[in-house]
Amino acid sequence: NVVPRAIILPLQHDCFVAFDTELLRVAAIWIGQYPTLKGLAPMSYGTPLNKAGGGIGNLAKPQGHIFYRSQVAPGLRATRSGKETDPRTAFNDPNEPGKGPLASARYIGTKINREGPVLRWIHNEVTCEDTFSASLAGDEIVIHRSMSASDSEYVNKVIYKSDGTVQFEDPTQKSDEIQASEAIWPATAISAITSGNPQGIYAVDEIEIPYPNPWKRRIRPVDIQFTEDGTAYLLTFDGDVYTLSGISSPANQIEWRRIAAGFNEPMSLRFQGDKLFVFSRLGITQLVDRNGDGETDFYKLFSNDFVQSPGSRDFPSSLIDLPEGGFLIAKGGQQSDTFNPHSGRILKISPQGKRTGIYASGFRNAFIERDPATGLITSSDQQGQWIPSTPFHIVEEGKFYGHEKSRPTPETQIAEPKLWIPHRAAQSGMGQIMGFDDRFPTLQGAALYLDYQKPSVLRISLPTPEAPHPAASPLPIEFQTPALKGSINPQDGFPYFVGFQIWGTISNQLEGISRIRYLGGHDHVPRQAIAYEEGILLQFESPIDTKTALDPNNYQLSSWNYRRTPSYGSPQFNDQGDAGVDARLIHTPFVSQDNKSVFLAIANLSPAMQYEVQSNVFGNWTQTYLTSREFPKIDLAARGFNAIDFSSLFASKPAPRETIIKSTIISAMHGEELYTKYGCISCHSIDGSTEGKAGPTWKGLYKSRQELTDGQRKRVTEDYLIEAILEPEAAKPIAYASTDAGMPSYKGILSDSELQSLILYIKSLGLTP
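Residues numbered from 1 in each chain as written. Predicted model: local features only at pLDDT ≥ 70, side-chain atom pairs only at ≥ 80, totals over all residues. Heavy atoms only, no water.

S.K.: Kindly report on the packing of aromatic side chains, identifying the contributing residues and their values.
M.R.: Evaluation of the coordinates by the stated rule reveals 30 aromatic pairs. Between Phe599 and Phe641, the ring centres sit 6.4 Å apart and the planes meet at 70 degrees, which makes this aromatic pair edge-to-face. Highlighted residues: Phe599 in strand S43 (residues 597-601) and Phe641 in the loop between strand S45 (622-628) and helix H3 (646-651), separated in sequence by 42 residues. For Phe599, a relative accessible area of 0% puts it in the buried group. Of the residues examined, Phe641 reaches a relative accessible area of 5% and is grouped as buried. Through pairs of rings, three or more aromatic residues link up here, namely Tyr202, Phe436, Phe440, Phe494 and Tyr518. Lying over the aromatic face of Phe306, Arg5 brings its terminal NZ or CZ to 5.0 Å of the ring centre. (Phe/Tyr/Trp six-rings, centres within 6.5 Å; stacked < 30°, edge-to-face > 60°. Helix = DSSP H or I, 4+ residues; strand = E, 2+ residues; numbered from the N terminus. Buried < 20%, exposed > 50% of the residue type's maximum accessible area, 1.4 Å probe, protein only. Lys NZ or Arg CZ within 6 Å of the ring centre and 35° of its normal.)

Right, here's the structure in full:
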């Protein structure tokens, strides 16, 4: 008797009612306490990095004496025959409790009135309302339920007694409609913005979160949206919505107001016109203010016409509005116990919210966005099983993007991402921010791609007719907020992003709201990189020094491929299919006539899933990533270069260069640097802690004994560590076999010296007695 979507009503005398918003039934009534605090949101309160397990085996349950519960069947009538069953289709997994709403009836929403909440639902065009209250009848607690229908003048009364009996009273005449409630949270809070120090042409400012606050609430931001006047609407994972006024005011005084509450693990907030919507496990809800006091007093359910599994990984991750009306939503796809037909997919919701269709499939944890200028739908995803590294997608309707759990049919072909990004450069891709104007010129025409694990941001050039393939470059910005999602404030043109720490991030702050402020000028990161048959073009915003740019020692180019397998992530493979990368010889660099572009002439470029261009034309090495499957010919004149005869050029000797010997120093200190660089820090602690970690601690790991999934018990030696790093599936500890953040192979990624440095670092963290 699992209820994937319920409204929990706390009543007087420690009574609780759970109302099933899909089957429209009173699922349970009990005396005691609020349901057990299970799930991602409540479990991370006591331990911020705690990670709730996947599946449906450890769900929230009522605490106390359950004196009424209904069968799994529609609750459309006050009486039952005892023979009713669930009419909904089980789709393709009979063990999945989530089946979506009824075909003939649906939940409308929750009104907040002075006398309490009113639950509204519709059946065969008849609107019904339910209210509940608790009282004492002598020493006995009774629950009163009042049910009314729009086609009747009467209110039906039902009494649920604590001895388990149900009593039906005579109907009473309807009274006038109860007025909307007065403000529940009249108190406000004040905070300010702390300006960050300049980081080149950028600065990162922090909006203070008011602790303590008058609502006595944890504030863990998960999404932020703005109105035209610069008012921010902030959604928290704790189920609240706040307005933040005065962000763009020179007075630097931000007024916080709580305007909605009660959502279960919401993750998305979106305006459609002047209407505000929240995407949570309940569905898509419109926030309605009936009496104009600024607070939500009608939680109008726009749509729950899709399956929500109670599993902890069926995230309501993204909600974007469509110009023609309706929405696209993205739902998490890391199902472990059951198979949900709508998880791991992007769904299209009709303008009236009554129809749902599968727009695209094959995602592990997609975060989607729409470019307001072009209408392109973009998406991130996260490395995992069948997702070999971090992708950037331009999503097309009907396409399948690789995660096997949501493959439409066995013969469906994979639509490869427009761009792969190495896992070390973006270890947990999240939201994208688009729509920059000339107030932020370095990001105009680009997407700001958020990485949660580091945290960090990458600039991704969006496709144009002249540059059809996107490229990504990490921006030289450091900040402390875990980066989940963000949007642009129309008042200042700056991107604001939010996040909180729950697992898998090395940020120093538990939660935060940050702003990237543009100070003027240009950064030294390539604005665009395009692969051609004759080489790679790098375009910069500011003029470059010709002597530096013509020195081939200031560039390095390598390429590799990935493989999709059931294992977590992928090693790197060269053109011959062996573990490793291909180092590409840059024959000769050329500089454009305006000194803002460099063309790297390279012979015999071949298709590769990952190209990494490292350049050092401004005194600092920067990285740019491309995915190149085809190579058009370059029109040098159109790009501002003098003509080049490439046949003669490639027949001649490459430009002279010094021989650069890469450092092969092996040390524990270098291993410590690699521990952070390659993301080992996300899954392995160095202080002995294991809470919220997907792998064993490295403190005392060396010489310890590990129970493996194949039944062996091995001593952790140098050979074992090499196997665990290069072939993790062959040396998987049984204690971490069920985690959904697997260990990727670093074969072909780590050099021999890096591997030895990591092992030295692990050994330096102590021996097990």
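From this point, the narrative continues.
S.K.: Can you lay out the sheet that holds strand S8 (residues 140-149) for me, pointing to particular residues and giving the numbers?
M.R.: Sheet strands line up and pair through hydrogen bonds in the backbone, either parallel or antiparallel. The strand order across the open sheet formed by ten strands is S10-S9-S8-S7-S6-S5-S22-S21-S20-S19, and the pairing between neighbours is antiparallel. Only two strands of the sheet have a single partner each, and these edge strands are strand S10 (166-173) and strand S19 (268-272). Strand-to-strand twist in this sheet, taken as the mean axis angle between neighbours without regard to direction, amounts to 25 degrees. Pairing analysis gives three bridges linking strand S5 (residues 105-113) to strand S22 (residues 298-303), with the strands arranged antiparallel. The residue of S22 that forms the bridge with Gly109 is Lys300. (Pairing = 2+ DSSP bridges. Axes fitted to C-alpha atoms, helices over the stretch in contact; angles between N-to-C directions.)

S.K.: Which residues make up the packing of helix H4 (residues 668-677) against helix H7 (residues 752-764), and what values do they have?
M.R.: Running from amino to carboxyl end, H4 crosses H7 at an angle of 100 degrees, the nearest separation of the two axes being 7 Å. Judged by the angle between their axes, H4 and H7 are roughly perpendicular. Counted together, Ala668, His670, Gly671, Glu672, Leu674, Tyr675 and Lys677 of H4 and Glu754, Ser757, Leu758, Leu760, Tyr761 and Ser764 of H7 form the full contact between these two elements. Looking at the contact of H4 with H7, its residues break down into six nonpolar, four polar and three charged. (Parallel < 35°, antiparallel > 145°, perpendicular 65-115°, else oblique. Contact = heavy atoms within 4.5 Å. Nonpolar A, V, L, I, M, F, W, Y, C, P; charged D, E, K, R; others polar.)

S.K.: Run through the nonpolar core, naming residues and quoting values.
M.R.: One finds Ile207, Leu234, Leu244, Ile247, Trp256 and Ile513 to be the most contacted residues of the largest nonpolar core, which totals 66 residues. In terms of nonpolar packing, the next biggest core, distinct from the first, is built from 29 residues, Leu9, Leu23, Leu24 and Met147 among them. (Core = buried A, V, L, I, M, F, W, Y, C linked by side-chain atoms within 4.5 Å.)

S.K.: Mind laying out the sheet that holds strand S1 (residues 6-10), listing which residues take part and the relevant values?
M.R.: With respect to topology, four strands assemble into an open sheet ordered S1-S2-S3-S4, the strand pairing being antiparallel. If you trace the sheet from one side to the other, it starts and ends with S1 and strand S4 (63-69), each paired once. Within the sheet, the average angular offset between the axes of one strand and its neighbour, ignoring direction, is 25 degrees. In terms of strand pairing, strand S3 (residues 25-33) meets S4 through six bridges, oriented antiparallel. If you follow Gly32 over to S4, its bridge partner there is Gly64.

S.K.: An account of the environment of Leu462 is requested, with residue identities and associated values reported.
M.R.: Positionally, Leu462 belongs in the loop between strand S33 (456-461) and strand S34 (471-474). Here Leu462 falls in the buried class, since its relative accessible area comes to 7%. If sequence neighbours within four positions are ignored, Leu462 has contacts with Asp371, Phe392, Met434, Gly445, Ala446, Ala447 and Ala467.

S.K.: So what's going on with H4? Residues and values would help.
M.R.: Looking at H4, one finds that the buried residues are Gly671, Leu674 and Tyr675. Buried residues of H4, seen end-on, are gathered within an arc of 110 degrees and therefore sit on one face of the element. Its buried side turned inward, H4 meets helix H5 (680-683) and H7. Downstream of H4 by a residue or two, Gly679 has a phi angle that is positive, lying close to 80 degrees. (Arc of directions from axis to C-beta.)

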